[in-house]
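Notes for the structure review
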Amino acid sequence: MKFLCPSIPNLPWENRPSDCPDLVWRYSGNPVIGRRALAKATGCYNSAVVPFEGKFAGVFRVDYKDRMPHLHTGWSEDGIHWTIEPEEIRLHNGDPEKGDFHYAYDPRVVKLEDWYYVIWCMGYHGPTIGLARTKDFRSYEQLDNLLLPYNRNGVFFPRKIGGKYAMLNRPSDTGHTPFGDIFFSESDDLVHWGRHRHVMGKSGKWWEDKKIGPGPAPIETDEGWLAFYHGVAGTCNGYIYAMGAMILDRDEPWVVRYRLNQCLLLPETPYELTGYVPGVVFPVAALCDGDTGRVAIYYGSADTVSGLAFCQAQDIVDFIKRNSLTSA
Ligand code: BMA
């Protein structure tokens, strides 16, 4: 299998512990970012990182002591130890008509052509998906919102598909919706989006019996787009968020080639089971080294801290194909 993504020679990595029975394993030093990443923070999680100039940069969700979420830039030499900028990101070309940073959460960062695009959930008469771009993680230009309210999860594919910008997103309502399917949308100019196609909804499996939503930017392989996503179980005690995976068609990514019949990462450690929202694993970035197929997954834990996990893309693709709810 070919991994059609750039090499990341310094990708953070740890081998799978010999006693780990799973295909996705956690970094032994988790959480990589704690809840007090800044003095004014009560949580730092659901944050997106990318390779940048031989090191790593990212956009981080930082919740303040009024429990409002803000976006901050972060820097790391190794993808593990992070420095979070004390001041929140300011947008150029910000326009009240596009919404502002009244609240901002669950960023994704995707390198596409010459830009790093930041896609996040923001308030504009209710939650919708905001868009900004940067080349240096110091100056961010705000573009028009991607979608109408209400929508709380959006992520770009890392290249144009059929000559168009392409994204996955998850329409919702104003709150923690008891429903949600993943849709595909495309655009010529990043402003006008359409050709909205249904990708998939919840399955009959209980780990994702309430709703699903897109996670990190899909990883391109010659077998299709490997996409991790979050699935939500509605238990008698509240929602449980876990990570699943699917393979989308390379040219028509609204077509699900394979869909794993179980989750890959379920809350089970103390930092995933204890926090502001116990029982949450929320993947937002998956960096794949094109040379080795090693993947480093960054995920929010219990809406409080940030975790790092690893897997081999080849193993995951093989596993999905062997254990699929959908056949190609
Ligand atoms: C979602 C979002 C995420 C959060 C998750 C679990 O709806 O609000 O930011 O991690 O719920 O609380």
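Throughout what follows, the structure given in this document is the object of discussion. Here the residue numbering is sequential within each chain, running from 1 through the sequence in written order. In view of the model being predicted, local features appear only for residues whose pLDDT reaches at least 70, and side-chain atom pairs are presented and counted only at 80 or more, with totals across whole chains, interfaces and linings using the full set of residues. Neither water nor hydrogens contribute to the side-chain values; these are computed over all heavy atoms in the structure.

Before going further, it helps to examine the site of the ligand. Nearness of a residue to a molecule or strand requires only that one of the residue's heavy atoms be within 4 Å of it. Taken together, the residues surrounding the ligand are Asn-46, Arg-61, Asp-106, Arg-152, His-176, Tyr-241, Val-277, Val-280, Phe-282 and Asp-303. Here an oxygen atom of the ligand sits 3.2 Å away from a polar atom, N or O, in the side chain of His-176. Nitrogen and oxygen atoms within 3.5 Å of one another constitute a polar contact, given that in protein one can donate a hydrogen and the other can accept it, and given that sequence-neighbouring residues count only through two side-chain atoms. Here Asp-303 contributes a side-chain N or O atom positioned 2.6 Å from an oxygen atom of the ligand. Here, Shrake-Rupley sampling with a 1.4 Å probe gives the accessible areas, and only protein chains in the shown set may cover a residue. Relative to its free-state accessible area of 310 Å², the ligand is covered by the protein chains to the extent of 93%. Side-chain classes are defined by residue name, with Ala, Val, Leu, Ile, Met, Phe, Trp, Tyr, Cys and Pro counting as nonpolar, Asp, Glu, Lys and Arg as charged, and the others, Gly among them, as polar. Taken together, the residues that form the shell around the ligand break down as 4 nonpolar, 2 polar and 4 charged.

This paragraph deals with the sheet that holds strand β5 (residues 83-84). Picture the strands of a sheet paired through backbone hydrogen bonds; they go either parallel or antiparallel. Paired strands are those between which DSSP finds at least two bridges. In this text, helices come from DSSP runs of H or I with a minimum length of four residues, and strands from runs of E with a minimum of two, each type numbered from the N-terminal end. Overall, antiparallel pairing links the 4 strands, which are arranged β2-β3-β4-β5 in an open sheet. The two strands at the open ends of the sheet, each matched to only one other strand, are β2 (41-52) and β5. The pairing of strand β3 (residues 55-64) with strand β4 (residues 69-76) spans 8 bridges and is antiparallel. Bridging from a neighbouring strand, Gly-58 pairs with Gly-74 of β4.

Note on disulfides: each one is a pair of cysteine sulfur atoms within 2.5 Å. Under the definition given, this model contains 0 disulfides. A disulfide-free cysteine, Cys-121 has its sulfur positioned 17 Å from the sulfur of Cys-44, the nearest such atom. Only protein chains enter the calculation, and the probe is 1.4 Å; a residue is then buried if its accessible area is under 20% of its type maximum, exposed if over 50%, and partly exposed in between. Note on Cys-121: relative accessible area 1%, which makes it buried. Considering cysteine sulfurs only, Cys-5 is the nearest to Cys-288, which forms no disulfide, with 3.7 Å between them.

The next subject is the sheet that holds strand β13 (residues 182-187). Reading across the sheet, the 4 strands line up as β11-β12-β13-β14 and stay open at both edges, with antiparallel pairing between neighbours. Every interior strand has two partners, whereas the edge strands, β11 (151-156) and β14 (193-200), have only one. Each strand axis lies, on average, 25 degrees off the axis of its neighbour in the sheet, ignoring direction. Where β11 and strand β12 (residues 165-171) come together, 4 bridges link them in antiparallel fashion. Within the sheet, the bridge partner assigned to Asn-151 lies in β12 and is Pro-171. Each axis is a line fitted through C-alpha atoms, taken for helices only over the stretch in contact, and angles between the N-to-C directions span 0 to 180 degrees.

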